Amino acid sequence: MGVLERIKEIELEMSRTQKNKATEGHLGLLKARMAKLKAQLLEPPKGGGGKAEGFDVGKYGDARVALIGFPSVGKSTLLSTVTPTQSEAAAYEFTTLTCIPGIVNYKGATIQLLDLPGIIEGASEGKGRGRQVIAVGRSADLILMVLDAQRSSEQKEKITQELESVGIRLNQRRPDITFQKKAQNGVMFNSTCQLTHMNQEIARKICHEYKIFHAEILFREDATVDQFIDIIEKKNRSYIPCLYVYNKIDNISIEEINDLARQDDSVVISCNMQLNMDYLIERIWQKLGLVRVYTKKPGNKPDFSQPLILTERRDGHSIEAACTQIHRELASDFRCAFVWGKSTKHYAQRCGLKHQLCDEDVVQILKKNK
Ligand SMILES: Nc1nc2c(ncn2[C@@H]2O[C@H](COP(=O)(O)OP(=O)(O)OP(=O)(O)O)[C@@H](O)[C@H]2O)c(=O)[nH]1
Ligand SMILES: [K+]
Ligand SMILES: [Mg+2]
């Protein structure tokens with residue numbers, strides 16, 4: 001039996017199983033089986049094969065943003081509107097068949113924006129160019145889920161589902177669970193808070209399904225079975241921020257626009273009428289957690305011409321990250337830094353490598369005397 005068929009079978013069994021205290025262990029086990037099968041689906045095909053043609057676009061700039069959405073929602077029009085690159089747009093579906101990179105320069109940062117083919121239901125199982133699109137999505141620092149404002153809620157759910165099923169978690173953080181495999185003593189289960197979804201018995205069943213017989217598990221939050229499986233499967237899980245971009249608002253009423261704009265992490269735009277495009281770029285900047293830092297040499301004024309760009313997801317906002325951007329070895333020669341700006345209490349505050357910088361701080365780095 002193929003992997004897909006086995007997944008279907010488990011789905012069927014889960015839908016037939018009543019949800020109650022007596023069955024939660026069994027349901028947990030089924031979920032673990034399903035997660036394992038899905039992990040198998042994601043493994044690269046045996047015997048090489050290499051990257052799919054047209055998707056081999058290198059990372060460039062300070063951050064990478066992927067446009068993901070159904071066909072003809074306006075992804076290519078969006079890329080052509082906010083970058084100098086022209087990506088073919090047309091009224092028919094699957095106009096775009098490869099990954100088209102464009103660049104947005106904003107507040108001194110270089111942001112790589114990737115136009116992609118539309119994805120459809122079943123993309124995660126390889127329909128259309130779904131696998132390749134999802135692989136690019138997984139490599140992004142931010143996903144822009146582009147939605148047609150007229151058909152938005154159903155599309156949003158379907159795409160979220162496709163991405164979920166291959167281990168991409170949008171706007172979620174990794175659950176606060178410690179999980180360590182051990183050599184003996186069985187499955188030890190502890191928590192620092194009251195748990196309403198998990199217990200020792202369920203944890204043991206799930207671990208055994210993964211052939212893990214000795215482990216130390218500590219829950220620091222009231223996490224669910226699915227979140228626990230995410231931790232076991234952590235090499236197949238990606239936690240990626242997402243903005244929901246509702247395009248074609250020129251086709252809907254003001255009331256409808258208001259409703260969409262009020263949702264979490266949403267931005268409403270019209271590419272054709274150039275509505276809200278600057279605001280979209282600002283929101284991308286914010287969601288990426290980008291921070292500008294200006295450097296200053298002793299005795300000189302700060303260099304405001306070219307900031308260092310620190311990114312939340314890649315290296316964080318510490319002085320150490322700033323050092324590494326200037327020079328690979330600077331952090332090891334570091335003596336101290338003086339910082340001016342929002343991250344400090346007073347001007348020219350002396351700081352160490354771990355100090356967290358804020359947007360538009362000025363930093364002066366002093367090296368050890370050798
Ligand atoms: N009314 C309206 N139409 C738009 C807007 N943006 C794009 N379109 C139209 O939507 C159609 C599809 O646009 P594309 O940019 O090709 O869409 P896509 O998402 O790249 O499509 P695929 O590459 O086929 O997945 C085109 O006819 C565009 O002119 C908009 O803001 N308002
Ligand atoms: K199209
Ligand atoms: Mg397109």
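Analysis parameters
- Residues numbered from 1 in each chain as written.
- Chains lettered and ligands numbered in written order.
- Predicted model: local features only at pLDDT ≥ 70, side-chain atom pairs only at ≥ 80, totals over all residues.
- Heavy atoms only, no water.
- Helix = DSSP H or I, 4+ residues; strand = E, 2+ residues; numbered from the N terminus.
- Buried < 20%, exposed > 50% of the residue type's maximum accessible area, 1.4 Å probe, protein only.
- Contact = heavy atoms within 4.5 Å.
- Lys, Arg positive; Asp, Glu negative; His and termini not counted.
- Charge placed at Lys NZ, Arg CZ, Asp CG, Glu CD.
- Donors = N, O, S within 2.8 Å, 3.2 Å for Na, K, Ca; no water.
- Domains from an automatic or database assignment.
- Buried area = accessible area lost by both parts, 1.4 Å probe.
- Salt bridge = Lys/Arg side-chain N within 4 Å of Asp/Glu carboxyl O.
- Nonpolar A, V, L, I, M, F, W, Y, C, P; charged D, E, K, R; others polar.
- Near = heavy atom within 4 Å.
- Polar contact = N/O pair within 3.5 Å; in protein donor to acceptor, adjacent residues only side chain to side chain.
- Areas by Shrake-Rupley, 256 points an atom, 1.4 Å probe, with all protein chains shown as cover.
- UniProt positions renumbered as here; feature names shortened; annotations may be inferred.
- Expected span 1.5 Å × (residues − 1).

1. Let's talk about the overall build of the protein
Then comes step 1: Along the protein, the regular secondary structure elements total ten helices and 16 strands.
Then comes step 2: The dimensions of the protein, computed from C-alpha atoms along their principal axes, are 70 × 60 × 50 Å.
Then comes step 3: Residues classed as buried in the protein amount to 48% of the 370 residues present.
Then comes step 4: Once local pairs closer than 6 in sequence are excluded, the contacts in the protein between residues at least 24 apart make up 64%.
Then comes step 5: Here the protein holds 53 positive side-chain charges and 46 negative ones, and the gap between their average locations is 7 Å.

2. Here we look at the coordination of the potassium ion (ligand 2)
Then comes step 1: The coordination sphere of the potassium ion (ligand 2), as far as protein atoms go, consists of Ser 72 (OG), Ala 90 (O), Tyr 92 (O) and Thr 95 (OG1), spread over 2.7 to 2.8 Å.
Then comes step 2: Within one chain, the residues donating to the potassium ion (ligand 2) are spaced in sequence as S-x17-A-x1-Y-x2-T.
Then comes step 3: Separating the potassium ion (ligand 2) from the magnesium ion (ligand 3) is a gap of 4.9 Å.
Then comes step 4: Judged by its relative accessible area of 46%, Tyr 92 is partly exposed.
Then comes step 5: Take Thr 95: its relative accessible area is 17%, and that puts it in the buried class.

3. Looking at the domain arrangement of the protein
Then comes step 1: Taken domain by domain, the protein consists of domain 1 (63–88 + 96–172 + 238–287), domain 2 (176–222) and domain 3 (291–367).
Then comes step 2: Each partner contributes to the interface: domain 1 provides eleven residues, whereas domain 3 provides seven residues.
Then comes step 3: In this assembly, domain 1 packs against domain 3 so that about 670 Å² is buried in total across both faces, 50% of it on carbon and sulfur atoms.
Then comes step 4: Area buried by domain 1 at its contact with domain 3 is led by Lys 107, Asp 141 and Trp 285, which between them contribute 54% of it.
Then comes step 5: At the junction of domain 1 with domain 3, the criterion picks out two salt bridges.
Then comes step 6: With a shortest N-O distance of 2.7 Å, Arg 314 and Asp 141 are connected by a salt bridge.
Then comes step 7: If you list the elements that add at least two residues to the side of domain 1 that touches domain 3, you get strand S1 (63–69) and strand S9 (238–240).
Then comes step 8: Of the residues that constitute the side of domain 1 that touches domain 3, the class distribution is seven nonpolar, one polar and three charged.

4. Focus: the site of ligand 1
Then comes step 1: Around ligand 1 there are 23 residues in total, and Lys 75, Ser 76, Thr 77, Thr 96 and Asp 250 lie nearest to it.
Then comes step 2: With respect to ligand 1, the side chain of Thr 77 contributes an N or O atom lying 2.5 Å from an oxygen atom.
Then comes step 3: Within the complex, 88% of the 660 Å² of free accessible area of ligand 1 lies under protein.
Then comes step 4: Considering each element in turn, the shell around ligand 1 owes the most residues, three residues, to helix H3 (residues 75–82).
Then comes step 5: Its residues assigned to classes, the shell around ligand 1 comprises eight nonpolar, eleven polar and four charged.

5. Side note on the UniProt feature "domain: OBG-type G" (unreviewed entry) in the protein
Then comes step 1: Using the residue numbers shown here, the UniProt feature "domain: OBG-type G" (unreviewed entry) corresponds to residues 63–289.
Then comes step 2: End C-alpha atoms of residues 63–289 are separated by 10 Å, and the span's content is 31% helix alongside 26% strand.

6. Thoughts on helix H5 (residues 152–165)
Then comes step 1: With 14 residues, H5 extends 20 Å from end C-alpha to end C-alpha; this agrees with the ideal 20 Å at 1.5 Å per step.
Then comes step 2: Considered for burial, the residues of H5 that qualify are Ser 152, Gln 155, Ile 159, Glu 162, Leu 163 and Ser 165.
Then comes step 3: One or two steps after H5, the chain reaches Gly 167, where phi turns positive at roughly 85 degrees.

7. Thoughts on the UniProt feature "domain: TGS" (unreviewed entry) in the protein
Then comes step 1: Mapped onto the present numbering, the UniProt feature "domain: TGS" (unreviewed entry) falls at residues 289–367.
Then comes step 2: Counted over residues 289–367, helix gives 10% and strand 34%. Its end C-alpha atoms are 28 Å apart.

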